[in-house]
Amino acid sequence: MSLLFYLGLLTVCEVSFVRMGFDIPNRVIAELYYTYFREVLAEQTQLKWEAMDMAERVVALAREDGMGLVAEALQQVLERLSNRDARGLSEKPVQVVLLALLVPTEVYGVLSEWPVGRKYVDVYLGGGRR
C-alpha cells in the first residue's frame with residue numbers, strides 16, 4: 001500500500017490509532033487503475049475483450065435489469081484464471097475483476113464500496129459516469 005501511496009495511486013482517506021484507510025485520489029487515477037487491471041486480466045486469461053462486448057452486456061443490464069450477461073462475462077474471466085491465481089480467491093479480487101469489466105463501458109457510473117447508511121455496497125452502479 002505504501003508504494004501505491006508514494007506513487008500517487010492512493011491517497012489517505014481515514015486515519016485511526018492503528019490503521020490507515022486509502023482511496024483512489026481522482027478519476028484519472030481510477031481510470032488508469034482499471035485500465036491496467038483490464039490489460040493484466042486480458043494477458044493472464046487470454047480473453048478477447050472485443051468478443052465479450054462488455055458495453056452491450058451492460059446496456060442489456062440497464063435495459064432488462066438482469067445481471068445474467070454481466071455475470072457470464074465475470075464467470076468467463078474467473079474460469080480462465082490459473083489454479084495458482086484462483087487459490088484462496090476472496091471477495092476483493094472478484095470485485096476488482098468486476099470493476100475492471102464495468103468501468104470502461106461508461107454505461108453506468110461505477111463506484112466501489114459506496115456507503116449506504118452504516119453499511120457499504122460492494123459495487124454501486126449509478127446513473128451516468130462518475
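Parameters and conventions
Residues numbered from 1 in each chain as written. Predicted model: local features only at pLDDT ≥ 70, side-chain atom pairs only at ≥ 80, totals over all residues. Heavy atoms only, no water. Helix = DSSP H or I, 4+ residues; strand = E, 2+ residues; numbered from the N terminus. Buried < 20%, exposed > 50% of the residue type's maximum accessible area, 1.4 Å probe, protein only. Contact = heavy atoms within 4.5 Å. Areas by Shrake-Rupley, 256 points an atom, 1.4 Å probe, with all protein chains shown as cover. Axes fitted to C-alpha atoms, helices over the stretch in contact; angles between N-to-C directions. Parallel < 35°, antiparallel > 145°, perpendicular 65-115°, else oblique. Left-handed = near helix turned anticlockwise from the far one by under 90°. Nonpolar A, V, L, I, M, F, W, Y, C, P; charged D, E, K, R; others polar. Salt bridge = Lys/Arg side-chain N within 4 Å of Asp/Glu carboxyl O.

## Regarding the overall build of the protein chain
Across its full length, the protein chain holds seven helices and four strands. The linear arrangement of helices and strands in the protein chain, starting from the amino end, is α-β-β-α-α-α-α-α-α-β-β. Evaluated residue by residue, the protein chain yields a buried proportion of 27% over its 130 residues. In the protein chain, the proportion of contacts linking residues at least 24 apart, taken out of those at least 6 apart, comes to 37%. Carbon and sulfur atoms make up 54% of the accessible area of the protein chain, which amounts to about 9,100 Å² in all.

## Focus on the packing of helix α5 (residues 68–79) against helix α7 (residues 91–102)
Contact geometry for α5 and α7: axes closest at 10 Å, N-to-C directions at 120°. Viewed along their axes, α5 and α7 adopt a mutual orientation that is oblique. Considering only the axes of α5 and α7, their crossing is right-handed. Residues Val70, Ala73, Leu74, Val77 and Leu78 of α5 form the contact with α7, whose participating residues are Val94, Val97, Leu98, Leu101 and Leu102. When the residues that make up the contact of α5 with α7 are grouped by side-chain class, the tally is 10 nonpolar, no polar and no charged.

## Let's talk about the pattern of salt bridges
As enumerated under the stated definition, the model contains two salt bridges in all. For Arg57, the salt bridge is made with Glu72, and the minimal N-O distance between the two is 3.1 Å. With Arg57 in helix α4 (residues 54–64) and Glu72 in helix α5, this residue pair connects regions lying 15 residues apart in the sequence. Residue class for Arg57 comes out buried when judged on its relative accessible area of 11%. For the salt bridge of Glu113 with Lys92, the shortest nitrogen-to-oxygen distance reads 2.8 Å. With a gap of 21 residues between them, Glu113 in strand β3 (residues 108–116) and Lys92 in helix α7 connect regions that are remote in the sequence. Here Glu113 falls in the partly exposed class, since its relative accessible area comes to 27%.

## Quick look at the environment of Leu10
Here Leu10 lies in the loop between α1 (2–6) and β1 (11–15). Among the residues examined, Leu10 registers a relative accessible area of 14% and is labelled buried. Along the sequence, Leu10 and Ile24 sit 14 residues apart, while their C-alpha atoms lie 4.7 Å from each other.

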